[in-house]
Amino acid sequence: MAESSRITARDGVRADARRNRERVLVAARAVFAEHGIDAPMATVARRAGVGVATLYRHFPTRDALVRGAFARQMETCSRALTEALAAPDPWQGFQQLVETVCALQREERGFPAAFVTAFPDSTPEHARSRRRAERDLTTLVRRAQASGALRADFHPSDLTVVLLTHCALVTALPDDGAASRRLVAYLLQSFRADAANGPLPPPAALTLRNLPMVTDSSQRQRHPRG
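About the thresholds
Residues numbered from 1 in each chain as written. Predicted model: local features only at pLDDT ≥ 70, side-chain atom pairs only at ≥ 80, totals over all residues. Heavy atoms only, no water. Helix = DSSP H or I, 4+ residues; strand = E, 2+ residues; numbered from the N terminus. Core = buried A, V, L, I, M, F, W, Y, C linked by side-chain atoms within 4.5 Å. Buried < 20%, exposed > 50% of the residue type's maximum accessible area, 1.4 Å probe, protein only. pLDDT = per-residue confidence, 0-100. Contact = heavy atoms within 4.5 Å. Salt bridge = Lys/Arg side-chain N within 4 Å of Asp/Glu carboxyl O. Phe/Tyr/Trp six-rings, centres within 6.5 Å; stacked < 30°, edge-to-face > 60°. Patch = residues over 30% accessible without salt bridge, like charges linked within 9 Å, V, L, I, M, F, W, Y side chains within 5 Å. Areas by Shrake-Rupley, 256 points an atom, 1.4 Å probe, with all protein chains shown as cover. Lys, Arg positive; Asp, Glu negative; His and termini not counted. Charge placed at Lys NZ, Arg CZ, Asp CG, Glu CD. Axes fitted to C-alpha atoms, helices over the stretch in contact; angles between N-to-C directions. Parallel < 35°, antiparallel > 145°, perpendicular 65-115°, else oblique. Left-handed = near helix turned anticlockwise from the far one by under 90°. Nonpolar A, V, L, I, M, F, W, Y, C, P; charged D, E, K, R; others polar. Disulfide = S-S within 2.5 Å.

## Quick notes on the environment of P199
Relative to the helices and strands, P199 resides in the segment after α10 (177–191). Each C-alpha atom of the pair P199 and D153 lies 7.2 Å from the other, and the pair is 46 residues apart in sequence.

In structure tokens form, the structure reads like this:
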């Protein structure tokens, strides 16, 4: 019976190795939500019930673990951007993209910081992904402006401000979905061309490459619920 746990699947991965990997991913999401993505790898291993060596066999670096833990969310973001660009109505595509990313920030507490780690130029592949995402976001913004729906002075860096603002809210109030949805609705309404009452100040010098993020749980503000 012991040998049955070592049966190799068609893709060459042993069943027990596959189970260990899934346990690590589940544990990583829980630990990152509680302590931030800078939490010790050993803490993740203990939560998963595996040895540190086992964890590193599956995920040799923290970056690999973070990406693995939130792969589904990152794929959802990528798909949302692709769908937004393909939408017949650029404003609807823009709105759906903002709502999707903010919903992911709200639903998975460790995801906001993980989203940021996907964009630094740690490898050529990461750099290409960041440049492609920034290019596609700019294209989406320009199309929404050309349609007359998005205010003309909206800048692509404003999307970064949205993510930071919403991240601060869900960090302070992780269980208040109503506050999250209301903030997103307010922001989207303010971006409409027909809501513009005057020019905005100059845009922030922010990109997906230099987006700041507090990942240390000790730096998070805790607010009592009331």
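## Structural notes on the nonpolar core
Of all hydrophobic cores here, the largest spans 46 residues; its most connected members are F32, V44, F94 and F191. Of all the elements, helix α6 (residues 90–107) adds the most residues to this core, at seven residues.

## A short note on the confidence of the model for the protein
Mean pLDDT over the protein stands at 81; residues scoring 70 or higher make up 80%. At the low end of the mean pLDDT range in the protein sits helix α7 (residues 111–117), at 68; at the high end sits helix α2 (residues 41–48), at 94. A low-confidence stretch, residues 1–9 stays under pLDDT 50, and its non-local contacts, those more than four residues away or across chains, total 11 contacts.

## A short note on the pattern of salt bridges
Side chains that carry opposite charge are capable of pairing whenever their charged atoms lie near each other. Going through the model one piece at a time under the given rule, you end up with four salt bridges. Two residues, D153 and R151, come together in a salt bridge whose shortest N-O distance is 2.7 Å. Taking the relative accessible area as the measure of exposure, D153 reaches 32% and is therefore partly exposed.

## Comments concerning the packing of aromatic side chains
Applying the stated rule across the entire model yields five aromatic pairs. Ring plane angle 90 degrees and centroid distance 5.5 Å describe the contact between F94 and F154, whose orientation is recorded as edge-to-face. Of this pair, F94 sits in helix α6 while F154 is found in the loop between α8 (124–146) and α9 (157–172), placing the two residues 60 residues apart along the sequence. Taking the relative accessible area as the measure of exposure, F94 reaches 0% and is therefore buried. Residues F154 and F191 carry aromatic rings whose centres are separated by 4.8 Å and whose planes lie at 70 degrees to one another, so their mutual orientation is edge-to-face. Remark: F191 occurs in helix α10 and F154 occurs in the loop between α8 and α9; sequence separation between them is 37 residues. Both residues of the pair, F154 and F191, belong to the buried class.

## Regarding a positive patch on the surface
Residues R128, R131, R132 and R135 make up a contiguous surface patch of positive charge. Mapped onto the elements of the fold, R128 is located in helix α8. Using a relative accessible area of 45% as the deciding quantity, one classes R128 as partly exposed.

## Structural notes on the packing of α9 against α10
For the pair α9 and α10, the least separation of the axes is 10 Å and the interaxial angle reads 160 degrees. Looking at the two axes, α9 sits roughly antiparallel to α10. As for the relative orientation of α9 and α10, their crossing is right-handed in sense. In contact with V162, T165, H166, L169 and V170 of α9, α10 contributes A179, S180, L183, V184, L187 and F191. Residue composition of the contact of α9 with α10, grouped by class: eight nonpolar, three polar and no charged.

## As for the state of the cysteines
Taken as a whole and judged by the stated rule, the model has zero disulfides. Unpaired in this structure, C102 has its nearest cysteine sulfur neighbour in C77, at a distance of 9.7 Å. Among the residues examined, C102 registers a relative accessible area of 2% and is labelled buried. With no disulfide partner, C167 has as its closest neighbouring cysteine sulfur the one in C102, 9.9 Å distant.

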